[in-house]
Amino acid sequence: MIATWFNKQPRLIQIILLLIPGVNWVVEILVRWSAFIKTGKLLTLVAAILVTFFGLVVGWLDAIWCLLFHHMILAKA
């Protein structure tokens, strides 16, 4: 799935994808919904819904999170 693909990318690629406005929103939506489909957890669903509407802001927070932990918040699939 896309979440697994994203988590396998080098950190630099993850950070670049999450820092570019517009691109980060699309990446966030794809990764979050992919993680929800794979795990089916309620928190992952809530994160996916929030990102659908507030993805630009969450994308920049996730860029910092990826720098530290090599995956998005609540999207470790």
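Higher on the page you've got the structure.
Residues numbered from 1 in each chain as written. Predicted model: local features only at pLDDT ≥ 70, side-chain atom pairs only at ≥ 80, totals over all residues. Heavy atoms only, no water.

Novice: Sorry, what's going on with the side chain of Ser 34 here?
Specialist: Summarising the element assignment, Ser 34 is placed in helix α3 (residues 23–39). Polar contacts involving the side chain of Ser 34 include one to the main-chain amide nitrogen of Ile 2, which spans 3.1 Å. Once you skip the residues sitting within four places of it in the chain, Ser 34 turns out to touch Met 1, Ile 2 and Ala 3. (Helix = DSSP H or I, 4+ residues; strand = E, 2+ residues; numbered from the N terminus. Polar contact = N/O pair within 3.5 Å; in protein donor to acceptor, adjacent residues only side chain to side chain. Contact = heavy atoms within 4.5 Å.)

Novice: Please clarify how the packing of helix α2 (residues 11–19) against helix α4 (residues 42–69) should be interpreted in this entry.
Specialist: The geometry of a pair of packed helices is captured by two quantities: the angle between their axes and the separation between those axes. For the pair α2 and α4, interaxial distance at closest approach is 8 Å and the crossing angle is 170°. Judged by the inter-axis angle, α2 sits roughly antiparallel to α4. Two secondary-structure elements touch here, α2 through Arg 11, Gln 14, Ile 15, Leu 18 and Leu 19 and α4 through Gly 59, Trp 60, Asp 62, Ala 63, Cys 66, Leu 67, Leu 68 and Phe 69. Residue composition of the contact of α2 with α4, grouped by class: 9 nonpolar, 2 polar and 2 charged. (Axes fitted to C-alpha atoms, helices over the stretch in contact; angles between N-to-C directions. Parallel < 35°, antiparallel > 145°, perpendicular 65-115°, else oblique. Nonpolar A, V, L, I, M, F, W, Y, C, P; charged D, E, K, R; others polar.)

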